[in-house]
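Observations on the three-dimensional arrangement
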Amino acid sequence: MAPTRTRDVFLEQAAQCEGRSELYTGLLRSWSDDPVAAELVGPDPAWDAPLRLIAGLHYLVLGGEASWDDPLVGHAEFLRDFVATRGVQTNEVQRSWILVPLLLRVAQRMRAETFDLVELGPSAGLNLVWDRYRYRYKAGAWGREDAILSFDGEERRPIPGGLLELDLTVRGRIGIDRSPIDVTTEDGARLLRSFVWAGQERRMERLDRAIEALRQDPPRLVTGDFVEELPRVLAAQPRDGLTVVFQTASFGYIGDEGRARVRAVLEQAGGERRLAFISTGKPRDPEEHCWGLRLVYWPGGEREFAGHADFHGAWLQWEL
Ligand SMILES: C[S@@+](CC[C@H](N)C(=O)[O-])C[C@H]1O[C@@H](n2cnc3c(N)ncnc32)[C@H](O)[C@@H]1O
């Protein structure tokens, strides 16, 4: 028997998977009573330890080194290490669909056509190459016609067509992540794929195409804490253009103090250069379960609230 707390952690994750993945729900339920699973996640496991265990097994399945019905004991050494060393790492490229109107708004507001991009917490950097994809909105399309990947979504309040007439060129791109995934390697791509749930074929295909687009010219990913590294990265940005710093789903990991430090660094840099910041954060109504989309422009530090969006980029409500 697994200890009660470990059992609850597995059952809680099984409940989260219910109705979304029969395979994952079944595995997590059976592991809740499996002493090998309990040993692999260690005493007092974190809430996401079962997800790390399932991703570890998925990693082996993707490489043809295991099948889903293998007993865990046959892969214990690998899985123990995977659970201990790999945080859940996703890179949701559908978020580029909500990012593009925000970037276009920055271009419009700052009268800029060329950006130097800095992403905080890019994971593999798939949203750092947003200009290699195609996007569809109610008012029209934006992006490369020959793109190998295109996105659409639900527009609860549409973006203005004027935004889609703007052209944008990315001159430089850099991301700072404490554990970036290098998808230019087969192992990195397999690792990122292992965190997508098995059976989510559309998501997996989208991921594979985004990886292919990124590999055409990979962005530079710096390993480190972006709260610490941002001043150095900003200082190295060219001064003769517009630097756009953005983050999606990364600010949730750094606490109030970390967020305040990043804002202070941006404020200081914005006193010396043209700079914009795009951030997903709390919605206007804290009861809502979605993101509020915020923009800040320097010089001046003027703020805009651009609207609301789904955490994974499935819908967008433009409010400017
Ligand atoms: C949920 S993922 C989001 C990835 C990507 N931004 C996206 O929207 O798909 C959060 C990312 O932030 C990174 N991260 C969290 N806190 C960080 C920090 N203080 N410094 C650097 N990277 C951090 C994690 O390693 C992870 O890659």
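Quick notes on the rules
Residues numbered from 1 in each chain as written. Predicted model: local features only at pLDDT ≥ 70, side-chain atom pairs only at ≥ 80, totals over all residues. Heavy atoms only, no water. Pairing = 2+ DSSP bridges. Helix = DSSP H or I, 4+ residues; strand = E, 2+ residues; numbered from the N terminus. Axes fitted to C-alpha atoms, helices over the stretch in contact; angles between N-to-C directions. Parallel < 35°, antiparallel > 145°, perpendicular 65-115°, else oblique. Contact = heavy atoms within 4.5 Å. Nonpolar A, V, L, I, M, F, W, Y, C, P; charged D, E, K, R; others polar. Expected span 1.5 Å × (residues − 1). Buried < 20%, exposed > 50% of the residue type's maximum accessible area, 1.4 Å probe, protein only. Near = heavy atom within 4 Å. Polar contact = N/O pair within 3.5 Å; in protein donor to acceptor, adjacent residues only side chain to side chain. Areas by Shrake-Rupley, 256 points an atom, 1.4 Å probe, with all protein chains shown as cover. Domains from an automatic or database assignment. Buried area = accessible area lost by both parts, 1.4 Å probe. Salt bridge = Lys/Arg side-chain N within 4 Å of Asp/Glu carboxyl O.

Moving on, we come to the sheet that holds strand 7 (residues 220-223). Spatial ordering of the open sheet is given by 5-12-11-10-9-8-1-6-7, a layout of 9 strands whose pairing is mixed. Two strands bound the open sheet, and with one partner strand each, they are strand 5 (154-157) and strand 7. Neighbour to neighbour, the strand axes of the sheet diverge by 20 degrees on average, direction disregarded. Here strand 9 (residues 275-281) runs beside strand 10 (residues 291-298); their pairing, made up of 7 bridges, is antiparallel.

Further remarks concern the packing of helix 10 (residues 226-235) against helix 11 (residues 255-270). With their axes 9 Å apart at the nearest point, helix 10 and helix 11 run at an angle of 10 degrees to one another. Compared by their axis directions, helix 10 and helix 11 come out roughly parallel. Along the contact surface, helix 10 presents Phe226, Val227, Glu228, Leu230, Pro231 and Leu234, while helix 11 presents Gly258, Arg261, Val262, Val265, Leu266 and Ala269. Residues of the contact of helix 10 with helix 11, tallied by class, amount to 9 nonpolar, 1 polar and 2 charged.

Given a rise of 1.5 Å per residue, 15 residues ought to cover 21 Å, and the 21 Å separating the end C-alpha atoms of helix 9 (residues 201-215) matches this to within 8%. Of the positions making up helix 9, those classed as buried are Met204, Arg206, Leu207, Ala210, Ile211, Ala213 and Leu214. Tucked into the core, helix 9 has its buried residues touching helix 4 (49-62), strand 4 (150-151) and helix 8 (186-194).

A separate point is the site of the ligand. Taken together, the neighbourhood of the ligand is formed by 20 residues, with Glu92, Arg95, Gly121, Asp177 and Thr248 sitting nearest. Here an oxygen atom of the ligand and a side-chain polar atom of aspartate 177 are 2.6 Å apart. Take phenylalanine 226: an N or O atom from its main chain is 2.9 Å from a nitrogen atom of the ligand. Coverage of the ligand by the protein chains reaches 94% of its 600 Å² of free accessible surface. For the shell around the ligand, the class distribution of residues is 4 nonpolar, 10 polar and 6 charged.

Let's shift gears to the domain arrangement of the protein chain. Domain annotation of the protein chain identifies domain 1 (4-85) and domain 2 (93-318). For domain 1 and domain 2, the distance between their C-alpha centres works out to 32 Å. Counting from both sides, the interface comprises 14 residues of domain 1 and, opposite them, 10 residues of domain 2. For the pairing of domain 1 and domain 2, the buried interface totals around 1,100 Å² over both sides, and the portion due to carbon and sulfur atoms is 68%. Of all residues in domain 1, His58, Tyr59 and Leu62 bury the most surface against domain 2, accounting for 47% of the area lost on that side. Across the pair glutamate 65 and arginine 190 runs a salt bridge, and its minimum N-O distance is 2.7 Å. Counting across the domain 1 and domain 2 interface gives 6 residue pairs in polar contact (both at pLDDT 80 or more). Put simply, the parts of the chain that give the side of domain 1 that touches domain 2 at least two residues each are helix 2 (22-31) and helix 4. The dominant element in the side of domain 1 that touches domain 2, judged by the number of residues it contributes, is helix 4, at 5 residues. Residues belonging to the side of domain 1 that touches domain 2 are distributed by class as follows: 9 nonpolar, 3 polar and 2 charged.

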